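Spelled out from the first residue to the last, the chains are:
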Number of protein chains: 2
Amino acid sequence: MTGTIRFDLPQSAIPTHWYNIQADLPRPLPPVLHPGTHQPVGPDDLAPLFPMGLILQEVSQERYIEIPEAVREIYKLWRPTPLLRARRLEKALDTPAHIYYKYEGVSPSGSHKLNTATAQAWYNKQEGIAGLTTETGAGQWGTALAQACSFFDMECVVYMVRISYEQKPYRRAIMQSFGASVTASPSEATQAGRAILEQDADSTGSLGIAISEAVEAAAASEGKYKYALGSVLNHVLMHQTIIGQEALQQMELAGAYPDVVVGPTGGGSNFAGIALPFLQQNLSAGKTTRLLGVEPAACPSLTRGQYAYDFGDTVGMTPLVKMYTLGHSFVPPPLHAGGLRYHGMASIICELWDQDLIEMRAIPQMETFGAAITFAKAEGIIAAPEAAHGIAGAIREALAAKEAGEKRVILFNLCGHGHFDMSAYDAYLGGQLSDYEYPQAAIDRAMAELPQVG
Amino acid sequence: MTGTIRFDLPQSAIPTHWYNIQADLPRPLPPVLHPGTHQPVGPDDLAPLFPMGLILQEVSQERYIEIPEAVREIYKLWRPTPLLRARRLEKALDTPAHIYYKYEGVSPSGSHKLNTATAQAWYNKQEGIAGLTTETGAGQWGTALAQACSFFDMECVVYMVRISYEQKPYRRAIMQSFGASVTASPSEATQAGRAILEQDADSTGSLGIAISEAVEAAAASEGKYKYALGSVLNHVLMHQTIIGQEALQQMELAGAYPDVVVGPTGGGSNFAGIALPFLQQNLSAGKTTRLLGVEPAACPSLTRGQYAYDFGDTVGMTPLVKMYTLGHSFVPPPLHAGGLRYHGMASIICELWDQDLIEMRAIPQMETFGAAITFAKAEGIIAAPEAAHGIAGAIREALAAKEAGEKRVILFNLCGHGHFDMSAYDAYLGGQLSDYEYPQAAIDRAMAELPQVG
């Protein structure tokens, strides 16, 4: 058990381009539709919310898009991130599998989210935008955007899902340390928030509701603010491909190539970040790596949802996107992986799933926390509950390899640390958590409210 | 502003030996005295509390002591740690100085403390000890020891200073996640704790009190447990020298050599870790780097204390150590840098200070938090309040360089992140903190209770 277990790249190896999977998709993504007319939206429809630089990325069919020098300079504060071999975990599991993990938690915001936050802030800054509005669930995204805005001297207005706001006061404090203003959602500050509170004054909120509020706040700002989304959109997933691109180089340093790549899926950007560059190798270089997304059993968009046009938010303000969805009115139970409480999924991930180019698995909460504790005791790192879904998936793969008696190479994306999620660990260790499976009837009810398209 | 700003070493560059400054001190350290007889203590006197492997290190005059292979294997989980040039901070300060920082916060426990915790747990494990007792202030040390014990399948019993226990519930949870048992100190579990509570039922505790409890718990365990200290002792400072040894290699990669090395001083191990290998260069290689320790103005052991024999703990159970002390009965104000609330200082640091081989500066709380926010906005990292003293010291140096119009090279040790200290930032941002200078009369009172030696 000697030798190197961490495979470092020099800063000169930070990717110079993002990889755009749209260039390699077997069929193009379904068009995004206007919520009123149900006609495909064009760049101008999106212009009130996003800068043109990002809108063009959203629809680009170019395979590689150059990363601006100023963004790469910020990336250097924490990139390349390390890739480690989890030898102690392998030993704890007594598996012949070789387990590697890419660790995005070394970013100053504590997760992969800063990769896209930095890019988004920069493109907005280029077009003279004063600040960004956004939503945050677990707080990973809000923290990342607060930092990114701070890097470029911009304002940041965060609507934070109320249950996270209450469970994670220190998340609020860290965003405020970077100068962001943070409001619990649903709030009285927007029409969308007030409408929810009228129906349910005790609403614990959801990402969908918070999105509605942040979108409204940007749209009502008369061009002062634009809106930033931490996942789901094509350009967001693309910004995360630097993770997989680095991992490809690092696996080469390690002298191995993954049989399976695992990542948690909330909105899809974390899984996409590690998986898409490996998918490109499958599509273009004859590789056969399995790409496995892991979602929480309590919010199973892909494994129990339906591939249909739906709103990205809860109130129905956003364009319609074809995606595997539980219905935009779906409010998931208050599971502790707040970042995975989204009713839908990135269009790109949905297409890949629909075309059998990726695999999906739903894993329950208790198994996930158990996996996180096993990992922490072996490798030292307390993972974010979202990230723990990736660990749980990797451990299932490692145990399957043991069962099969095969030396398989497993790579997973450890997308963030859990330093602001200790209340969830506290609840788990104190026996206060249990598994929750969303009743089919409730999903059916939400499905009945899907918009009728075409 | 292009080029590399992070200077990485391969894992093969993790130091193979700790550097023992005792071999190079101009005069030997004053002997440690038995609290009853006032005679120098020998290894046998320390054996109830520490394993012989560490006792021998405590008194060793060897210049280099080999790091056991098993300890280096654990180090590989996070070492070598990065060294970065803080270009964005330089720009924010508009200083000609070049500022570098060694970042120990990437350790899974979040600070440099895991360097010695790992070593201490291993040496105890070698001698068949079942578990370790300890105290923790801010929680950095308790977290590190909980992790280290978990790595080697040992028990861990932590007495946590009550004010930190209350301000940092998630610190408790992280220690418990690694299987440690955590008790607020002063507690009813020990005679020492009960004695304090009888005098003051609302005591917020101190490191000194918690040490008394942890020492008593080990001594009363009939050999099952031994005690572990996170700073102050010679072997602890020695374990941290891997920081400075790595930094020497990394500064060479950066093509620079520091004019001044800065580190915060609580018990002394963090400052020693970065400074001692550079001091060796001063002593043996003709270098003239200034070595600057920074302590909080509210607990100014070196700048306002007296060089005298005193107890390491509050109750007077430990051996007597000659050190700059505010008196063992000194209870500092509840400043948020809990890890710096210690009445004394490592013997090694005191000797170096007494011999003018290092410099010391006391910096107030408000300036320290202000420096931390400036650093966070520039470099992204939220520092622990303890670590922020190092930032504040480095910023003073950078501004002095600007004043002098000189390009000076500054290196500081960013010993840990502040993810579990957000309540302190919250208080700072909310205007609830202020500076506190300990009244001379109170220091004089504590000094009057110093033991009379010789």
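This section reports on the structure supplied with the text. (Residues numbered from 1 in each chain as written. Chains lettered and ligands numbered in written order. Predicted model: local features only at pLDDT ≥ 70, side-chain atom pairs only at ≥ 80, totals over all residues. Heavy atoms only, no water.)

Let us look at the overall build of chain A. Scanning chain A from terminus to terminus reveals 19 helices and 15 strands. Expected size for 454 residues packed as a compact globule is a radius of gyration near 22 Å; at 20 Å, chain A falls within 12% of this value. Dimensions along the principal axes, computed over C-alpha positions, put chain A at roughly 60 × 50 × 45 Å. Counting over 454 residues, chain A shows a buried share of 67%. Of all intrachain contacts in chain A linking residues separated by at least 6 positions in sequence, the fraction that spans at least 24 positions is 77%. (Helix = DSSP H or I, 4+ residues; strand = E, 2+ residues; numbered from the N terminus. Rg over C-alpha atoms; globule rule 2.2 N^0.38 Å. Buried < 20%, exposed > 50% of the residue type's maximum accessible area, 1.4 Å probe, protein only. Contact = heavy atoms within 4.5 Å.)

This brings us to the pairing of strand 15 (residues 409-414) of chain B. All names here are of chain B. Of all six residues in strand 15, six are buried; the element is thus mostly enclosed. Here strand 15 shows a buried face lined by Val-409, Leu-411 and Asn-413 and a second buried face lined by Ile-410, Phe-412 and Leu-414. Judged from the three bridges that link them, strand 10 (residues 260-264) and strand 15 form a sheet pairing that is parallel. When the bridges of strand 15 are listed, Val-260 appears paired with Ile-410. (Pairing = 2+ DSSP bridges.)

Across the boundary between the two partners, chain B contributes 49 residues, which contact 49 residues of chain A. Across the interface of chain B and chain A, roughly 4100 Å² is buried in total on both sides, 56% from carbon and sulfur atoms. In terms of surface lost to chain A, no three residues of chain B exceed Arg-6, Tyr-170 and His-419 of chain B, which account for 16% of the buried area on that side. Put simply, chain B and chain A have two salt bridges between them. (Buried area = accessible area lost by both parts, 1.4 Å probe. Salt bridge = Lys/Arg side-chain N within 4 Å of Asp/Glu carboxyl O.)

Residues and elements named next belong to chain B. Following the criterion strictly, the structure yields 28 aromatic pairs over all chains and no others. Pairing Tyr-19 with Tyr-64 gives two aromatic rings, centres 6.0 Å apart and planes at 45°, and the pair type is tilted. On the criterion of sequence distance, the pair formed by Tyr-19 in strand 2 (residues 17-19) and Tyr-64 in strand 3 (residues 64-66) is long-range, its members being 45 residues apart. In this structure Tyr-19 comes out as buried when scored by relative accessible area, which is 1%. Residue classification places Tyr-64 among the partly exposed residues on the basis of a relative accessible area of 42%. Between Tyr-75 and Trp-78, the ring centres sit 5.8 Å apart and the planes meet at 75°, which makes this aromatic pair edge-to-face. Here Tyr-75 and Trp-78 have matching classes, each one buried. (Phe/Tyr/Trp six-rings, centres within 6.5 Å; stacked < 30°, edge-to-face > 60°.)

Attention now goes to the packing of helix 2 (residues 52-59) of chain A against helix 5 (residues 113-126) of chain A. Residues and elements named next belong to chain A. Their axes nearest at 8 Å, the elements helix 2 and helix 5 cross at an angle of 125°. Considering the angle they form, helix 2 stands oblique to helix 5. Along its contact with helix 2, which presents Gly-53, Leu-54 and Gln-57, the element helix 5 presents Gln-120, Tyr-123 and Asn-124. Of the residues belonging to the contact of helix 2 with helix 5, the class tally is two nonpolar, four polar and no charged. (Axes fitted to C-alpha atoms, helices over the stretch in contact; angles between N-to-C directions. Parallel < 35°, antiparallel > 145°, perpendicular 65-115°, else oblique. Nonpolar A, V, L, I, M, F, W, Y, C, P; charged D, E, K, R; others polar.)

Moving on to the packing of helix 6 (residues 140-151) of chain A against helix 8 (residues 169-177) of chain A. Residue and element names in this part refer to chain A. Following both chains from N to C, one finds helix 6 and helix 8 inclined at 10°, their axes separated by 8 Å at the closest point. When the axis of helix 6 is compared with that of helix 8, the two are roughly parallel. Viewed along their axes, helix 6 and helix 8 form a crossing whose handedness is left-handed. Contacts between helix 6 and helix 8 involve Gln-140, Gly-142, Thr-143 and Ala-146 on the former and, on the latter, Arg-171, Ile-174 and Met-175. (Left-handed = near helix turned anticlockwise from the far one by under 90°.)

Scanning the entire structure with this criterion turns up 35 salt bridges over all chains. A salt bridge links Arg-172 of chain A to Asp-426 of chain B, with the shortest nitrogen-to-oxygen separation between them at 3.3 Å. Of this pair, Arg-172 of chain A sits in helix 8 while Asp-426 of chain B sits in helix 18 (residues 422-429), placing the two residues on different chains. With a relative accessible area of 15%, Arg-172 of chain A lands in the buried category. Relative accessible area serves as the criterion here: at 23%, Asp-426 of chain B is assigned to the partly exposed category. Where Glu-397 of chain A meets Arg-361 of chain A, a salt bridge forms, and the shortest distance between an N and an O atom there is 3.0 Å. Of this pair, Glu-397 of chain A sits in helix 17 (residues 385-404) while Arg-361 of chain A sits in strand 14 (residues 359-363), and the two are 36 residues apart along the sequence. In this structure, a network of salt bridges that share partners links the residues Arg-79, Lys-102, Glu-104 and Glu-246 of chain A.

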